[in-house]
Amino acid sequence: MAGLTLLFGLILASFSACPSNAAETGQTAQILRYESAHLDSDGYAFSFETSDGISREEKATLKNPGTPEEAIAVQGSVNWVGPDGVHYKLNYLADENGFQAQGEHLPQVEH
């Protein structure tokens, strides 16, 4: 479970860098919607939307419970409006293969 805690912490930290229009204007963003479910050791799910244009949804599931291959897989997306006025969307998957992010604003790696 220590790995789960570390993974969850890394995911949360990765989104703390998302810009907030409310922070730039000195206003406080209001929570427009918040939903959560399955907050237990087998996984969780949540989603929210705020008045400054940020929305996020995430779902985690425990894979191969009770085995040496036990791992948690986290999948989600986050949307925000940057200081440049552009609407950004980041989709991500974090599992035993690492953190994999996709978004039109991210550099593309050619294979």
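Residues numbered from 1 in each chain as written. Predicted model: local features only at pLDDT ≥ 70, side-chain atom pairs only at ≥ 80, totals over all residues. Heavy atoms only, no water.

1. A few points about the pairing of strand β5 (residues 87-95)
Logical step 1: As paired strands, strand β4 (residues 71-81) and β5 are joined by 8 bridges and run antiparallel to one another. If you follow S77 over to β5, its bridge partner there is N91.
Logical step 2: As defined by bridge partners, β5 adjoins strand β6 (residues 98-102) across 5 bridges and the pair is classed as antiparallel. Pairing of L93 across the sheet is with Q100, part of β6.
Logical step 3: A loop of 2 residues connects β5 with β6, the two strands running antiparallel in sequence. (Pairing = 2+ DSSP bridges. Helix = DSSP H or I, 4+ residues; strand = E, 2+ residues; numbered from the N terminus.)

2. Considering the sheet that holds strand β2 (residues 43-50)
Working definition: the strands of a sheet are paired by backbone hydrogen bonds and lie parallel or antiparallel to each other.
Logical step 1: Pairing within the open sheet is antiparallel, and its 6 strands lie in the order β1-β2-β3-β4-β5-β6. The open sheet has two edge strands, β1 (31-40) and β6, and neither has a second partner. Strand-to-strand, the axes of this sheet are offset by a mean angle of 10°, without reference to chain direction.
Logical step 2: Bridge analysis of β2 against strand β3 (residues 55-63) gives 7 bridges, and the strand direction is antiparallel. Looking at β3, one finds that A45 is bridged to K59. (Axes fitted to C-alpha atoms, helices over the stretch in contact; angles between N-to-C directions.)

3. Let's talk about the pattern of salt bridges
Oppositely charged side chains may form a pair once their charged atoms are brought near each other.
Logical step 1: Overall, the coordinates contain 3 salt bridges when judged by the stated rule.
Logical step 2: The salt bridge involving E49 is made with R33; its shortest N-O contact spans 3.9 Å. Taken as a pair, E49 in strand β2 and R33 in strand β1 lie far apart in primary sequence, 16 residues in all.
Logical step 3: One salt bridge in this structure joins E96 and K63, with 3.0 Å as the shortest N-O distance. Taken together, the positions of E96 in the loop between β5 and β6 and K63 in strand β3 put the pair 33 residues apart, joining distant regions of the chain.
Logical step 4: Residue E96 is classed as partly exposed on the basis of its relative accessible area, which comes to 48%. (Salt bridge = Lys/Arg side-chain N within 4 Å of Asp/Glu carboxyl O. Buried < 20%, exposed > 50% of the residue type's maximum accessible area, 1.4 Å probe, protein only.)

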